[in-house]
Amino acid sequence: MSAATTRSGAPRTPRATRTPDRLCVEAVDLAREAAEEAAAPGVVGPHVEVVAEGDRVVTHFFECQEPGYRGWRWAVTVTRASRAKNVTLDETVLLPGSDALLAPEWVPWSERLRPGDMGPGDLLPTEQDDLRLEPGYSGEDAPPPNSAVSEELADHLDVEDAEIVSRTPSRGAIASVAEELGMRRARVLSRYGLHVAADRWDESFGAKTPMAQAAPASCESCAFLVPLAGSLKQAFGVCANEFSPADGRVVSLAYGCGGHSEAAVMPKPPRPAPPVLDSMAADAFPLRPAKDSGSTTEPDDSSEDLGHS
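Here the structure is a predicted model, which means the values were calculated and not measured. (Residues numbered from 1 in each chain as written. Predicted model: local features only at pLDDT ≥ 70, side-chain atom pairs only at ≥ 80, totals over all residues. Heavy atoms only, no water.)

Student: Break down the overall build of the protein for me, with residues and values.
Tutor: Secondary structure summary: the protein contains seven helices and ten strands in total. Counting only residues that meet the buried cut, the protein has 23% of its 309 residues in that class. Put simply, 55% of the contacts in the protein that link residues at least 6 apart link residues at least 24 apart. When the accessible area of the protein is evaluated, it comes to approximately 23,500 Å², of which 53% is carbon and sulfur surface. (Helix = DSSP H or I, 4+ residues; strand = E, 2+ residues; numbered from the N terminus. Buried < 20%, exposed > 50% of the residue type's maximum accessible area, 1.4 Å probe, protein only. Contact = heavy atoms within 4.5 Å. Areas by Shrake-Rupley, 256 points an atom, 1.4 Å probe, with all protein chains shown as cover.)

Laid out in structure tokens, this is it:
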């Protein structure tokens, strides 16, 4: 007798309709004892069905009442030999039913890993043929014998009493420059690795984000942008505005936010209008037009009143 657990899918079904053996069908108690021995008493539930697997071979199914295995069933296969009346046990397994609660399909860790999953003490190994990396300059390869920085040539020049001009760089100088440029690493980013990183940064902090669409200006003209070195400086930089949502992040030059250095410049204080001075002098307003204007004539005081007394 053996006990096993499988999650390969639905319970096994017969290939063709067979008439189950009568003695094997009646061996329900034998099948329950085998299931309880493989599981535990009280976990094996009621008898569900019997399925004929072949000639004189049947499988008894019992409900599984163990917590966490909803819809699973204990399958106990029994059989008997030809012309024999004793039923013997074949195997005992736990199989999922049609409505069984199954765990999700297993996914390799390399596919489950997401940004931010690493914590203190975690190690993330990289493959030897990682497409994002390529061999770099480590400084271990010695220059050829006729190189200007080789020790053999320097000794030869000392014997010949020749002068080594200062324009010829030494091997240590080349190594220091290579270290300054980041070329003394065993592997460096490949062009593919740069493109993948650029696409990822542009998706998070690029021109198509809602923040950039509503920004008054792009990061290219912002004073808080710290340019990157190398070829990435043509399209990316680091935000140094503590109030920006991208503070300390690599942002695209086309990205933008409301914290742009030129978006919140304080306007100049308004200058009040000059005061209006009121004059206290009296202005002369003539009651009658001038005599030489020709518009009216002066009234004749000697004329009689028109019918008035």
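There is more to say, and it comes next.
Student: Explain helix α6 (residues 191-204) to me, and be specific about the residues and the numbers.
Tutor: In this model α6 runs 20 Å from its N-terminal to its C-terminal C-alpha over 14 residues, within 8% of the 20 Å that 1.5 Å per residue would give. Within α6 the residues assigned to the buried category are G193, A197 and A198. Looking straight down α6, one finds its buried side chains confined to an arc of 130°; they lie on one side. Across α6 from its buried face, at more than 90 degrees, point the exposed residues R191, D199 and E203. The inward-facing, buried residues of α6 abut β7 (187-189) and β9 (236-239). (Expected span 1.5 Å × (residues − 1). Arc of directions from axis to C-beta.)

Student: Hey, could you go over the nonpolar core for me, with residue numbers and the actual values?
Tutor: One finds F62, C64, W74 and V76 to be the most contacted residues of the largest nonpolar core, which totals 16 residues. Those elements that provide at least two residues to this core are α2 (28-38), β2 (44-54), β3 (57-64) and β4 (72-79). The leading source of residues in this core is β4, at four residues. Residues A246, V251, L253 and Y255 belong to the second largest nonpolar core, which totals nine residues. (Core = buried A, V, L, I, M, F, W, Y, C linked by side-chain atoms within 4.5 Å.)

Student: Which residues make up α2, and what values do they have?
Tutor: For α2, the full list of buried residues reads A31, A34 and A35. Around the axis of α2, the buried residues are gathered within 100° of arc, so they sit on the same side. The exposed set on the far side of α2, more than 90 degrees from its buried face, consists of D29, E33 and E37. In this structure, the buried side of α2 is in contact with β2, β3, β4 and β5 (88-96).

Student: An account of the packing of aromatic side chains is needed here, citing residue identities and associated values.
Tutor: A complete count under the given rule lists three aromatic pairs for this structure. Ring centres of Y69 and W72 lie 5.5 Å apart, and the angle between their planes is 80°; this geometry places the pair in the edge-to-face category. Ring plane angle 80° and centroid distance 5.6 Å describe the contact between W201 and F236, whose orientation is recorded as edge-to-face. Residue W201 is found in helix α6, and its partner F236 is found in strand β9; the two are separated by 35 residues along the sequence. Look at W201 and you get partly exposed, because its relative accessible area is 24%. A cation over a ring is seen here: R73 above F61, with NZ or CZ 4.4 Å from the ring centre. (Phe/Tyr/Trp six-rings, centres within 6.5 Å; stacked < 30°, edge-to-face > 60°. Lys NZ or Arg CZ within 6 Å of the ring centre and 35° of its normal.)

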